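# Coordinate inspection notes
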Amino acid sequence: MMKLSFFLLRQHDPCIANDGLASVKFSAYRSGFLAVLLMLISTTMSVMAQDVSVSGKVTDAKTGGIPGVTVTLKGSTKGTNTDVGGNYQISVPGNATLSFSAIGYETQDVAVGNKSVLNVVLSEDVKALEEVVVVGYGTVKKKDATGAVSALGSKDFQKGIVTSPEQLMQGRVAGVQITQSSGEPGGGINVRIRGTSSVLGGNNPLFVIDGVPLSGDNTSSGGDNQGVGRQPAKNPLNFLNPDDIASMDILKDASATAIYGSRGANGVVLITTKRGRGKGSLDYGYSVGISNITKKYDLLNAAEYKAAGGQDQGSNTDWQDLLFRTALTHQHNLSYGGGDASGNYRFSLGYLNQDGIVETSNVKRYSVGFSGTKKFIGDKLTIGSNLNFANTQDTGVPISENIGFEGDLMGSILKANPTRSAYKGDSLNQSTTTEPNPLAFVKLSKDYSNTLRALGNINAELEIFKGLKFKTVLGFDKSMSSRKQAYSKQLVVAGIEKIGRVYIRDVESNNQLWENYFTYDKEIGSVTLNALLGYSYQSFENSSKNVAAANFRTNDLDLMINNLGIAGTVGLKDATSLSSVGSVIQNSSYVKDELQSYFGRVNLGFSNKYLFTGTLRVDGSSKFGGNNKYGYFPSGAFKWKLVEEDFIPKTVFTDLSLRVGYGVTGNQAIPHNVYDRRDRYGDYVINQGGDAITGGGLNAVAFNNPNLKWESTAALNLGLDFSILKGRLSGSIDVYNKSTKDLLFKVVAAQPAPNPFVYRNLDTDIQNRGIELALNAVVVDGKKFSWEVLFNASYNKNLIKNLIGVYDTGEINGQGLTGAFAQRLAEGQPLFAYFLREFGGYDENGNSIYPNGDFQQFLGGKSPLPKVNAGLTNNLKYGNFDLNIFFNGVFGNYLYSNTANAFFTQGSFANGRNVTKDVIGNGEGGLNAPDVSTRFLQKGDFVRLQNLTLGYRIPMKSSKILSNARLFVTGQNLLTFTKYDGQDPEVSTNKSLNDIPSFGIDYTAYPRARTWTIGVNVSF
C-alpha cells in the first residue's frame, strides 16, 4: 500500500523525476507525508482489529424468529446460536462477515461493516425441505419413493417414559400394529406390519440400526422354573436409548423390503441415530415419572367375601394394594455434538431407572452413544462410525406364562383369601403349596438379569469419479447376558418348599457384518439413473450355558446365587431328578449361522414423471440344506407423478402420484441349523465334590433335511399419494395383497427317531389383504397459533388356505384344564382362530349350557388379530406453548381371558379362593367344570388416550449460557375406552403349544400403568 501511494505521487509531481534540487526538497516532503500515511494506516488497522459487538434477530417470512440458527464468523470456528426468539449476540472484528445457517434454510453471508445491529431474513431451502426417507443402502426424496414407506422423525415419536424403540412408533404408522405383551418394565413387544404372515418363522420385522441388521434373537434368557412356570426373556431392543434416535423409516411393501431379501417378509424398520450439527452444543434432559396401576381387578373385599359364604380366616388384606405400588422413573440424557460440511460428531450418555408398579420390579439402563463422520482428500473420502453401548439391569418378579391353578405371583394375588393375613407374628403367613402367600413370592425370591450389548459400525465411502461411489461397512453386534434366579426353601410353593432352587442362565451372541457396495448417480437429459450393486456377509454366533441347583442348606438368596457348592447331595440311587439329587445340573450349546448375499437395485426416472425401481437380492443361508441354500428375491415398482402432467390442475393439486409394486421376500427366522443332523452336549449332574454322576455326552437333536427351503412372501401394492389446498391436506392410500407360501413348520416325526420333530415346508398359503389411509391436515397455520392433525387407519384380513390337517395352540392353564387349548390353525380360518365351546348360560343345577354341543368348534372366524388399527394426533402451538394429544385404537379382535378361566369361577370360590364380584350370584354351581368356552371370550376393541404432552419453551433473550430451554409434562395411558373387563385390552401372553405361537390370550399378565412425567430439556 505504501509503495502504491508513492508510485502514484511520482506520477503527479514532475519535479521528482527531473530536478535534483527538487528531489532534495521532495525528500523532506516525502518523509513527512509517509509518516502521516503510516499513522493513518496504523490507526485504521487498529480500529479494524478491535472487536465490535453485533446483535440482531434472524427471522423468516412465515414463523418469525428462528431458534437454533448457527451464526459464525466466516473463515473461523467462532460462533453462537440464536435463542428461542431468533435473537443473537456476538463479538467480531469490524471487517467481519457473518454466516447464518440453519436446517431447512439457505445459508446467508452478510458483511458487518459499521453496523452494531444486524437483522437477517433467511429464505427456505426448497431442496433441503423436501422430506427424505431411508430405503435401505441409501435415501430417496419422499416424493420419489416408489414403495410404501412411512417416515417418522423425533417430533412424531411417543413422549414420556419410553424404554424401547418400538414404543416410539406405536399408533403412528398406518398398517403397523404394536402390542405390549405386558406392563413389565422392559417387557416384550410384538410388532406386526401388514398382518401376521408366518407361524414358526417369526412375525416381527427386521430392525436395522445405522445400517446393521439385527438377528432378532433374544439377548437375555427366559426360563422354565419349577414351581414358577415359564418366564419370557426381556425385550432385546431395550439396549437402545430412544433419546439417541433421530428417525425411523418403516418399509412395508415388497418393493421396499426386497433389498433385504430373506428377512424382509415381515417388513423392515430402519433406525437412524442422531448426528451432530452446527456449532458444538451441549444438550441435557431430565425427567421424573410417577406410575400407578390403571385398573385393578374388581375382587371381593374381606366383608363381601365373608357375606358370600367365603372361608373366614379372621383378617382383612387387600392383596392388590399390598403388592402394587406407586413407581418412580428417573431419566437423564446428556449429549454434545456439532458439525459442518466437512464432518460431524456427537457423544451421548443416558441413564434410565424405572421402577415397576409391582413390588421390587425394576429396570436400569446405562447407555453410551457416539456417531461421527469426517471428509478427506478434497471431500472425496468420507469415514464414519456409529456406536451404541448399554448395560441393562433387570430386576424381575415371578410372573409366568403358563403356571397352573396354584398361581405365580399375579395368580396368587388374584385368588388369595382377603380374610387371610400376610404375616403370622413376625413370619410370613404360609400354609399349603396350593395357596401361596403372594408377599412370600416377593420376599423369598430374587431375579436379576444383567445384559451388556454393543452395536456399531465403521464405514468408508470413496467417490471414485463424479457419480460413482464405493462404500464398505464393518458392523458388529455383541451381547453378553446373565440371569440369576433364586428361590428360598422357605417359600411354600410346590417344587421349591424345603428344597430351594437357583437357576443361572448365560447367553452370549456375536454378530458380525461386512458389506461392500457401489452406487452410481447420473443425469442424462431428462433421464435420471441411480444404481446400486453390492455384497453382504453376516455371521451369527450364539452360545448359552444353563446351571440349576437345589437342596440348599441356607436361606440366604445372595449366598445361594454366588455359591452353588452349598447345594446338598443325596445318594446316586435317587438321582432321577434335580429335586431329589439336589446337585448342580449344567448344559451348554453353541451354534453359528452365516448369511451371504448379493444385491442390486436400479432407479430410473424419466422427465420427473415416470419412476421405475427394480431390485434383486440373492441370499444364501447356512440354516438351509444343500439343495436350497440360496433364495432369490426380486421386486419391481413404478410411480407416475400425475401432478407433472398438463391435464392435472395445479391450482388443486400440489402432489398427485400413483404407485404400483410387486415383489417376493423371504423368511428364515427359524432355529439354527435345522436342516442338518447336529449333536449337542447333554446335561451333566454334578455332585457337591464336582464329580459328574449322571448324564453328559453327545445327543442327536435334528434330522438330515437337505430340501428345507425359504419361506417366501409375494406381495402386490397399489398406492396413491396426494396433496391439495396448497399442501394443507396431504396423505396416501395403499391397497395390498400378501401371500406367504412354503410355510416353515415343525412336524411330529415318526418314532422311533433321534428327535421327536422335523422341520418341513408346508404347501400352505397365508393371505393378508388390506387397505391403509394416512392423512396430514394443517388446520391453522398462523404465526402465533398453529394446529396440525395427523390420522392413520388400516384394515387387514388374514386367512389360511391349502392347509392339510389342523394344529392346536393357545394353551389354557388352570385347575381341571390339563391339555386344554383355545386356538386352532385350519384351512379357511384366520391364524390363531378361536376354537371354543359356545356358552349359553347355566342350567338349574348351575352347570354350563352349550347349545351347539359340548365340543369345541370354530366361531365364524373370530380371531385375536385386529381388523382395524387407527391413530389420531393433534399438534397445537400457541406462542411458546405446544400441546400434543394422541389417541390410538384397535378394533375387530377378540381376547380370551385365561385369567378368568383359571381363577374367577364358582369352583375356585368354593375352594376358598377369592374371585371377582360378578362371579357371586351369577347362577354357576360350585361343581361346574370350567371348560374352555366363549364364556371367557370378549371383544378386544379399545380406544386409548395414549399420550398427552404440554410443553413451554422459555424465552432465552437475556441468557448468555442457555440457547434453549423447554419444560414439559406428559401423561401416558391416561384413558382407555373398552368393554373388555380384564386389566387391559392390549395384552398377549405367550400360550404356545408345540412351538406353535398364539396371540390374544390374557393370563396373569403384569399390569399396565398410567404415568405422569415432568421434565426439562436445555441446550448450552
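Structural notes, computed from the coordinates. Here, residues in each chain are numbered from 1, in the same order as that chain's written sequence. Local features are withheld for residues below a pLDDT of 70 in this predicted model, meaning they are given only at 70 or higher, and side-chain atom pairs are given and counted only at 80 or more; totals for whole chains, interfaces and linings count all residues. Excluded from the side-chain calculations are hydrogens and water; all other atoms, namely the structure's heavy atoms, are used.

Two strands pair if DSSP finds at least two bridges between them. Secondary structure elements are defined from DSSP: runs of H or I of at least 4 residues count as helices, runs of E of at least 2 residues count as strands, and each element is numbered from the N terminus. The three strands are arranged S52-S51-S55 in an open sheet whose pairing can be described as mixed. Edge positions in the sheet fall to strand S52 (937–939) and strand S55 (1001–1002), since each of these pairs with one other strand and no more. Two strands pair when backbone bridges link them, and strand S51 (residues 894–897) and S55 are joined in this way by two bridges, in the parallel orientation. When the bridges of S55 are listed, tyrosine 896 appears paired with isoleucine 1001.

Bringing the nonpolar core into the picture now. By convention a nonpolar core is built from buried Ala, Val, Leu, Ile, Met, Phe, Trp, Tyr and Cys residues, the set being connected through side-chain atoms within 4.5 Å. Partly exposed describes any residue whose relative accessible area lies between the buried limit of under 20% and the exposed limit of over 50%, with all areas from a 1.4 Å probe on protein chains only and scaled to the type maximum. Core analysis: the largest hydrophobic core is formed by 28 residues, its most contacted members being Leu323, Leu409, Ile413 and Leu491. At four residues, helix H10 (residues 438–443) tops the list of elements feeding residues into this core. The contact criterion used throughout is that any non-hydrogen atoms of two residues lie within 4.5 Å. Other than its neighbours up to four places away in sequence, leucine 409 contacts Leu323, Val358, Val397, Pro398, Ile399, Pro438, Phe441 and Val442. Among the nonpolar cores identified, the runner-up in size contains 27 residues, and Ile403, Ala822, Leu937 and Ile1001 belong to it.

Attention now goes to unusual backbone geometry. Despite not being glycine, aspartate 210 has its phi angle at roughly 50 degrees, a positive value. Position of aspartate 210 relative to the elements: it lies in the loop between strand S14 (206–209) and strand S15 (212–213). Phi angles above zero are rare outside glycine, and threonine 1004 is one such case at about 40 degrees. Its location among the elements puts threonine 1004 in the loop between S55 and strand S56 (1009–1019). Assessed through its relative accessible area of 2%, threonine 1004 is described here as buried.

Bringing empty space enclosed by the protein into the picture now. Grid points spaced at 1 Å and placed over the protein atoms alone form the basis of the search, with a cavity being a set where a 1.4 Å probe fits but cannot get out and a pocket an open set showing protein on both sides within 12 Å along at least five of seven lines. Lining residues have an atom within 4 Å of a point. Grid points are joined across faces, edges and corners, and a volume is the space filled by probe spheres set on the points. Evaluation of the coordinates by the stated rule reveals ten cavities of 30 Å³ or more. In this model, the largest cavity occupies a volume close to 400 Å³. Taken together, 28 residues form the lining of the largest cavity, with Ile161, Gln167, Gln180, Gln354 and Gln972 sitting closest to its centre. Those elements giving two or more residues to the lining of the largest cavity turn out to be strand S22 (343–355), strand S53 (942–953), strand S54 (964–978) and S56. Here the residues of the lining of the largest cavity are counted per class, giving eight nonpolar, 17 polar and three charged. By volume, the second largest cavity amounts to about 200 Å³. Along the walls of the second largest cavity sit 27 residues, with Gln177, Ile178, Thr179, Asn869 and Val890 positioned nearest its centre. Counting only elements with at least two residues in the lining of the second largest cavity, the list comes to strand S12 (176–180), strand S44 (785–801), strand S49 (868–878) and strand S50 (881–891). When residues in the lining of the second largest cavity are grouped by element, the largest group, four residues, is from S12. Broken down by class, the residue content of the lining of the second largest cavity amounts to 13 nonpolar, 13 polar and one charged. By the convention adopted, Pro, Cys, Tyr, Trp, Phe, Met, Ile, Leu, Val and Ala count as nonpolar, Lys, Arg, Asp and Glu as charged, and the other residues, Gly among them, as polar.

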